[in-house]
Amino acid sequence: MNKVTKHDLNKHNFSGGPGVLPETVLEQLKESIVAVPDVGLSILGINHRSDWFAVVVAELEENIQNLLGLPKDYHCLFLQGGATQQFSMVPMTLLKGKTQSAEYLQTGYWSNKVIAEARREGPVHVSWSGQAAGFTRLPKDEEIEFNPGAPYLHYVSNETVEGLQFHRIPGRDDVPRICDMSSDFLSAPRAFDKFSMIYAHAQKNIGPAGVTVVVVKDELLKDAPRDLPAFLDYRAQIDARSILNTPPVFSIYVVLLVTRWLRDSIGGLAAMADLNMKKASALYRAIDASDDFYCGRVVKEDRSTMNVVFNLKTKDLEHQFLASAQEAGFSGLNGHRSIGGIRASLYNGLQLSAVENLIDFMENFKKCHS
Ligand SMILES: *Cc1c(COP(=O)(O)O)cnc(C)c1O
C-alpha cells in the first residue's frame, strides 16, 4: 500500500475549503510573517495606507485583469464579508425596488443560499431548478426560462458541494450575467468579458479566507442606488480602491502571491486548466473503472474538475474509507455535511502526484473490501 506519511499531509489536503495552497507560496508567507523582503516589517503589521500596500493592490488588480484577459472597463475589488455578502450586495444594488424579476439558476447548495438572500431584496424568478432531481445535473440552454427584460441572470459556475460545474457560459448576451465563481475562479480560461460581474472569495482556490475578489463591469453600476451603506456600495469601494476601511492585508497579499505563481510558475490559465483537467480525469477514470465500488454523484457531462464527489455502497463503508484515508495521510475527503459521501477537492494548489497517490489508495481499499 502506498502509505503517505504524516509529513505529506499538506500536499494531500483534499479539503473543500479552505483549500490547499502552492508550497512556494507557503514558503514565501513563512518569511513574510517575520519580515516582508524589501520592507523589513511583518506582513501582519504593515499599514494598509502604506505605499507598499498600494503597490500590492495595483499589481493584484493588474494580474487578475491580465489572467482573465479583461478589457479596461472592468474594476477589481477586494472586499470582506465572503461570498455570502455578495449574495446580498448584488440584489441590494441591482434589484431593490425593481418590478422585473432577476433570473437565478438553482443548481445546488450554494445557489439555494444565493436565492434565499436575493428574495429578501427584490423579485426573483428561478429560471431552472435541479432540486427535484437532487442536484445531479445542470440545465441545457433550452431548459432555462428567461425573461429578456430581467435586470440580470445569476448563477454559480461550480457547485462546490454537489460537484457540478458549467463547462459553458449559460444565459443571453443581452441580460447581464453575474456569477459566483468562488470554487473555480482562476482555474481555467473562459470568455470572462461575457460577464458583468464575477465574484469569488479566496479560500477555495486562490488564497485564505478574509477576502473576496469582485470583478465588475462599470456599466452595470450606472443606475446603482446612492443611499446604500458605503461599505455595501460598489461605487464607493471602487473610489476607495478597496481601502474604504482597513482591508485584510495578509489575505490580499496571499492572493497576490498566488496570481504571481499562476503567471510565472504555471504559465497562465490555459496551462492551469490542462493540469486541473489531468487531475480530474485521472480520478474520474478510476471511479468509472471501479465496477461501481465508487459511484459518481452527478451526470458525466456536468462533472466538476474542482470537486469530485462520490459515494460507496453503504454509509458504513464510507466511514471506513474516510478513516483509512485519514490514517494514510489524506485529509479533507469527507463530503459536505449537508450530503455526506466523499468529496475530493482538486484546487489549483493540489499537485497531480497527490491525486495519483489517492487513486492508488482507492484501488487498494477496493481490493481489501470487495
Ligand atoms: C464556499 C462557498 C460560498 C460561501 O462563501 P463564504 O465566503 O463562506 O461566504 C459561496 N459560494 C460558493 C460557490 C462556495 O463554494
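Residues numbered from 1 in each chain as written. Predicted model: local features only at pLDDT ≥ 70, side-chain atom pairs only at ≥ 80, totals over all residues. Heavy atoms only, no water.

(A) Fine view of the sheet that holds strand β10 (residues 295–296). Taken in spatial order, the 3 strands line up as β10-β11-β12 in an open sheet, and their pairing is antiparallel. Single-partner strands in this sheet number two, and they are β10 and β12 (342–345). By the bridge criterion, 4 bridges tie strand β11 (residues 307–311) to β12 in an arrangement that is antiparallel. Looking across to β12, one finds that Asn-307 is bridged to Ser-345. Across the sheet, helix α7 (residues 269–288) lies against β10, β11 and β12, angled at about 10° from β11, the strand it touches most. (Pairing = 2+ DSSP bridges. Helix = DSSP H or I, 4+ residues; strand = E, 2+ residues; numbered from the N terminus. Contact = heavy atoms within 4.5 Å. Axes fitted to C-alpha atoms, helices over the stretch in contact; angles between N-to-C directions.)

(B) Examining the pairing of strand β4 (residues 153–156) more closely. Of the two faces of β4, the one lined by Leu-153 and Tyr-155 and the one lined by His-154 and Val-156 are each fully buried. The pairing of strand β2 (residues 102–106) with β4 spans 2 bridges and is parallel. Within β4, the position partnered with Tyr-104 by the bridge is His-154. Taken together, the 4 bridges between β4 and strand β7 (residues 177–180) define a ladder with parallel strand orientation. (Buried < 20%, exposed > 50% of the residue type's maximum accessible area, 1.4 Å probe, protein only.)

(C) Structural view of helix α8 (residues 315–328). Its 14 residues give α8 an end-to-end C-alpha distance of 20 Å, which sits within 8% of 20 Å, the value for a rise of 1.5 Å per residue. Residues of α8 that are buried: Leu-317, Glu-318, Phe-321, Ala-325 and Ala-328. Buried residues along α8 cover an arc of 100° about the axis, so they all sit on one side. Across α8 from its buried face, at more than 90 degrees, point the exposed residues Lys-315, Asp-316, His-319 and Glu-327. Tucked inside the fold, the buried residues of α8 contact β11, β12 and α9 (352–369). Once α8 ends, the next one or two residues include Gly-329, with phi positive near 100°. (Expected span 1.5 Å × (residues − 1). Arc of directions from axis to C-beta.)

(D) Structural context of the sheet that holds strand β3 (residues 124–129). If you trace the 7 strands from one edge of the open sheet to the other, you get β1-β9-β8-β7-β4-β2-β3, paired in mixed fashion. Whereas interior strands pair on both sides, the edge strands pair on one side only; in this sheet they are β1 (74–79) and β3. Averaged over all adjacent pairs, the angle separating strand axes in this sheet is 20°, with direction ignored. Contacts between helix α3 (residues 82–94) and the sheet are confined to β1, β2, β7, β8 (197–201) and β9 (212–217), with β8 contributing the most and set at about 155° to the helix.

(E) Broad picture of the nonpolar core. Of all hydrophobic cores here, the largest spans 56 residues; its most connected members are Ile-64, Leu-68, Phe-78, Phe-185 and Val-215. The greatest single-element share of this core, amounting to 11 residues, is contributed by helix α6 (residues 249–266). Summarising the domain contributions, this core has at least three residues from each of domain 1 (6–11 + 268–369) and domain 2 (27–265). If we ignore the near neighbours within four places in the chain, the residues touching Val-215 are Ile-64, Leu-68, Leu-70, Tyr-74, His-75, Cys-76, Phe-185, Ser-196, Met-197 and Ile-198. Ala-282, Leu-317, Ala-325 and Phe-361 belong to the second largest nonpolar core, which has 30 residues in total. (Core = buried A, V, L, I, M, F, W, Y, C linked by side-chain atoms within 4.5 Å. Domains from an automatic or database assignment.)

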